[in-house]
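# Structural overview
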Amino acid sequence: MTSEPLLSDSNEKRCMISLDNTIEVCIGDFGWSQFVQVILVSLAWVFDAQQSFISVFTDALPTWHCINNNNNSSCQTYKNICDVPKDTWKFDLPTYTSVVSDWSLECSSSVITGFPASSFFIGCLVGGFVLCTLADSSFGRKNMLVISCLIMSITGCVTAISTNIWMYSVLRFVSGFGRATIGTCSLVLSTELVGRKWRGKVGIISFVCFTFGFISLPWIAYLNKGNSWRVLYLLTCFPAVLYSIIVYFFVHESPRWLYLRGHKEEFVQTLKIIANPATRRELSSSFFEALFIDLENNMSVSASRDLDLYSAVRLLIEKRWALRRLMTVVLIGFGVGMVYYGMPLGVGDLGFDIYLSITLNAISELPSSLIAFFLIGKMNRKGSLFGFSLLSGICSVGCALVEGSEGLKWFQMGIEMLSFFSACTAFNVLLIYTLELFPTCVRNCAVSMVRQSLVVGGAMSPLLVALGRNNSLFSYGVFGVCSATFGLFTVWLPETKGRLLCDTMDEEESLLEQAQVVDLK
């Protein structure tokens, strides 16, 4: 039996129903061109992960020991460095290995020592709201990805010359501001370069890259052990500058965005470049002329081309169904974010070696990415998100309840890793779910807002971790309650597994109306 040609009548009509089918048919199967594009775009998450958790090592309180002198008997009886006379103890490593020891902040309040980490997440929050719509409106996914990476990485390099905690905190804020849209632009761009068949797996590739970035950080930090904390910033940020240049010259813009913004020539050129060779020969000028006519007749795209800077936000607020979905996923993201960012920040308080603890947490994220990668096509979005959020919350609370028992120390570490694993998986599913819940014209903005809700949870984590150093109920307990409670909100979301991606608000409303008719029947 011979295969049906791409441009047969039936296939041509099927191709012209929506941009989703156009991308599916015109690009063809997932080939090397798409694979290279997806990998290049997804690598942004490696640098995103490193900058998200770098403060775990640069801002850590270094280990110390008592000096052998006449006063060391009193030194041995204290666990808090601030209760010990200055001349009776010494840091195990040179003072320049940590921000805390470099600027003599070991006895400063938790607000001061946690301020740089909080500044980074606050910068992410501000940057998310300021920059989130630029990728949907004027700049596009690719250009916004390059700009965000450059802001984060160049600022990270400049951070290495900080002279005090306040300059350091301001630079961390700017770095977070730039970092805010990296993950969003990368995820949306990579998934819009392929058809719906590969959308879920391509999205998971981004999360796998984030995992590798997280895993690489403790190893880079360990190899840098004994050297200045400034070197760690240079080792992680300078490669990101080079990466930004590569993306600018070798990555293509999303064909969806190009068409919706009226860049038809670039749209055609991009589809021809990333299509398989066999398919590319059939993408003639007459084919695209017919395609544009059909799409104009079947889509309300004229308004999409006139989007101003914050039109995407206005559309999300004006449409009641969109606002309801957005508020729901944002609340779920907040609960997941508290566990996702809070666990690595607080794991050092469990009494384990910090390099081992962070490595174990990073490793626990890898199976969550692999599970999502292989099962995302079969996973029910609602049930999976609810189940992993609930499991993460229960384990987080359990981690706080077994605190203080030496015999259960490794058990505590185990359920901490299970909680983090569940939060990672919920995080992965939530972003893929959000991609499918919103049309192209507001997708980047919606995903960005969900990521910002995760960051809000992350911004609160350093304070809760500081409060929980004497009682884990204030850290792990709060993390768990929020994750489990907000996870319940999934009941108000529609299932999107295997569904077409819509490109306009009208298309999404049409699907919603069809679903309501089916429910009534």
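Residues numbered from 1 in each chain as written. Predicted model: local features only at pLDDT ≥ 70, side-chain atom pairs only at ≥ 80, totals over all residues. Heavy atoms only, no water.

As named in an unreviewed UniProt entry, the chain is Major facilitator superfamily (MFS) profile domain-containing protein, taken from Solanum commersonii. Of the chain, the UniProt comment under Subcellular location (unreviewed entry) reads exactly: "Membrane". Quoted verbatim from the Catalytic activity (unreviewed entry) heading of the UniProt record, the comment on the chain is "phosphate(in) + H(+)(in) = phosphate(out) + H(+)(out)". (UniProt positions renumbered as here; feature names shortened; annotations may be inferred.)

Next up on the list: the overall build of the chain. Helix and strand counts for the chain come out as 27 helices and 2 strands. Each of the 521 residues in the chain was classed as buried or not, and the buried ones make up 57%. In the chain, the share of contacts with a sequence separation of at least 24, taken over all contacts with a separation of at least 6, comes to 82%. (Helix = DSSP H or I, 4+ residues; strand = E, 2+ residues; numbered from the N terminus. Buried < 20%, exposed > 50% of the residue type's maximum accessible area, 1.4 Å probe, protein only. Contact = heavy atoms within 4.5 Å.)

This part covers a nonpolar patch on the surface. Nonpolar side chains collect at one region of the surface, where Phe-238, Leu-242, Ile-245, Ile-246, Tyr-248, Phe-249 and Phe-250 lie side by side and expose about 750 Å² of accessible area between them. The exposure class assigned to Ile-246 is partly exposed, which follows from its relative accessible area of 38%. (Patch = residues over 30% accessible without salt bridge, like charges linked within 9 Å, V, L, I, M, F, W, Y side chains within 5 Å. Areas by Shrake-Rupley, 256 points an atom, 1.4 Å probe, with all protein chains shown as cover. Salt bridge = Lys/Arg side-chain N within 4 Å of Asp/Glu carboxyl O.)

The subject of this paragraph is the pattern of salt bridges. Here the structure, examined in full by the defined rule, presents 8 salt bridges. Notably, a salt bridge pairs Glu-192 with Arg-443, separated by 2.9 Å at the nearest N-O pair. Of this pair, Glu-192 sits in helix H12 (residues 182–192) while Arg-443 sits in helix H25 (residues 440–467), and the two are 251 residues apart along the sequence. On the basis of relative accessible area, Arg-443 is assigned to the buried category, the value being 1%. Arg-314 is the salt-bridge partner of Glu-318, the closest N and O atoms lying 3.8 Å from each other. Taken together, the positions of Glu-318 and Arg-314, both in helix H20 (residues 311–318) and 4 residues apart, correspond to about one turn of that helix. Given the relative accessible area of 39%, Arg-314 is considered partly exposed. Members of the salt-bridge network, linked through shared partners, are Arg-141, Glu-192 and Arg-443.

This part takes up the environment of Leu-375. One can find Leu-375 in helix H22 (residues 354–375). Note: C-alpha distance between Leu-375 and Lys-201 (174 residues apart in sequence) is 8.7 Å.

Glancing now at the side chain of Arg-325. Here Arg-325 shows up in helix H21 (residues 320–346). When sequence neighbours within four positions are dropped, the list of residues in contact with Arg-325 reads Leu-437, Phe-438, Leu-493, Pro-494, Glu-508 and Leu-512.

This next bit is on the packing of helix H4 (residues 44–53) against helix H10 (residues 141–159). What describes two packed helices is the angle between their axes and the distance between those same axes. Where H4 meets H10, the axes come as close as 11 Å, and the angle between the chain directions of the two elements is 35°. The chirality of how H4 crosses H10 is left-handed. For the pair H4 and H10, the contacting residues are Ala-44, Phe-47, Asp-48 and Gln-51 in the first and Leu-145, Cys-149 and Met-152 in the second. By residue class, the composition of the contact of H4 with H10 is 5 nonpolar, 1 polar and 1 charged. (Axes fitted to C-alpha atoms, helices over the stretch in contact; angles between N-to-C directions. Left-handed = near helix turned anticlockwise from the far one by under 90°. Nonpolar A, V, L, I, M, F, W, Y, C, P; charged D, E, K, R; others polar.)

Of all hydrophobic cores here, the largest spans 96 residues; its most connected members are Trp-45, Phe-53, Phe-57, Leu-316, Leu-431 and Phe-438. Sorting elements by how many residues they give to this core places helix H24 (residues 409–437) first, with 14 residues. Apart from the residues lying within four places of it in its own chain, the contact partners of Phe-438 are Leu-316, Ala-322, Arg-325, Leu-326, Arg-443, Ala-446 and Glu-508. (Core = buried A, V, L, I, M, F, W, Y, C linked by side-chain atoms within 4.5 Å.)

This model, assessed by the stated rule, comprises 26 aromatic pairs. On the basis of an interplanar angle of 70° and a centroid distance of 5.8 Å, the ring pair of Phe-334 and Phe-486 is categorised as edge-to-face. Residue Phe-334 is located in helix H21, and its partner Phe-486 is located in helix H26 (residues 476–487); the two are separated by 152 residues in the primary sequence. Judged by its relative accessible area of 17%, Phe-334 falls in the buried class. Look at Phe-486 and you get buried, because its relative accessible area is 18%. Here the aromatic rings of Tyr-340 and Phe-420 are separated by 5.6 Å at their centres, their planes lie at 15°, and the arrangement is stacked. Separated by 80 residues along the polypeptide, Tyr-340 in helix H21 and Phe-420 in helix H24 bring together distant segments of the chain. Using a relative accessible area of 0% as the deciding quantity, one classes Phe-420 as buried. Ring-pair connections join several aromatic residues into one group, and the members of that group are Trp-45, Phe-53, Phe-120, Phe-121, Phe-210, Phe-214, Tyr-340, Tyr-341, Phe-420 and Phe-427. The ring of Tyr-248 has Lys-142 sitting right over it, with the charged end atom 5.4 Å from the ring centre. (Phe/Tyr/Trp six-rings, centres within 6.5 Å; stacked < 30°, edge-to-face > 60°. Lys NZ or Arg CZ within 6 Å of the ring centre and 35° of its normal.)

Attention now moves to helix H16 (residues 264–274). Within H16, the full set of buried residues consists of Phe-267, Val-268, Thr-270, Leu-271 and Ile-274. An end-on view of H16 places all buried positions within 165° of arc, on one side of the element. (Arc of directions from axis to C-beta.)

Moving on: a positive patch on the surface. The grouping of Lys-197, Lys-201, Lys-378 and Lys-497 at the surface amounts to a positive patch. With respect to the helices, strands and loops of the structure, Lys-201 is situated in helix H13 (residues 196–223). (Lys, Arg positive; Asp, Glu negative; His and termini not counted. Charge placed at Lys NZ, Arg CZ, Asp CG, Glu CD.)

Given a rise of 1.5 Å per residue, 22 residues ought to cover 32 Å, and the 33 Å separating the end C-alpha atoms of helix H14 (residues 229–250) matches this to within 8%. Burial in H14 covers these residues: Trp-229, Leu-232, Tyr-233, Thr-236, Cys-237, Ala-240, Val-241, Tyr-243, Ser-244 and Val-247. For H14, the side-chain oxygen to backbone nitrogen distance between the N-cap and Arg-230 is 3.1 Å, and the N-cap itself is Ser-228. (Expected span 1.5 Å × (residues − 1). Polar contact = N/O pair within 3.5 Å; in protein donor to acceptor, adjacent residues only side chain to side chain.)

Interpretation of this model should avoid reading the predicted coordinates in detail wherever pLDDT is low. Averaged over every residue, the pLDDT of the chain is 79; the share at 70 or more is 80%. At the level of individual helices and strands, the chain shows its lowest average pLDDT in helix H1 (residues 9–15), which scores 41, and its highest in H14, which scores 95. Here residues 1–17 is a poorly scored stretch, pLDDT under 50, and it has 30 contacts once near neighbours within four places are set aside; other chains count. (pLDDT = per-residue confidence, 0-100.)

This part is about the environment of Ala-44. Mapped onto the elements of the fold, Ala-44 is located in helix H4. The sequence separation of Ala-44 and Ser-206 amounts to 162 residues, and the corresponding C-alpha distance is 8.2 Å. Here Ala-44 is in contact with Leu-145, Cys-149, Ile-182, Ser-186 and Tyr-243, once residues within four sequence places are set aside.

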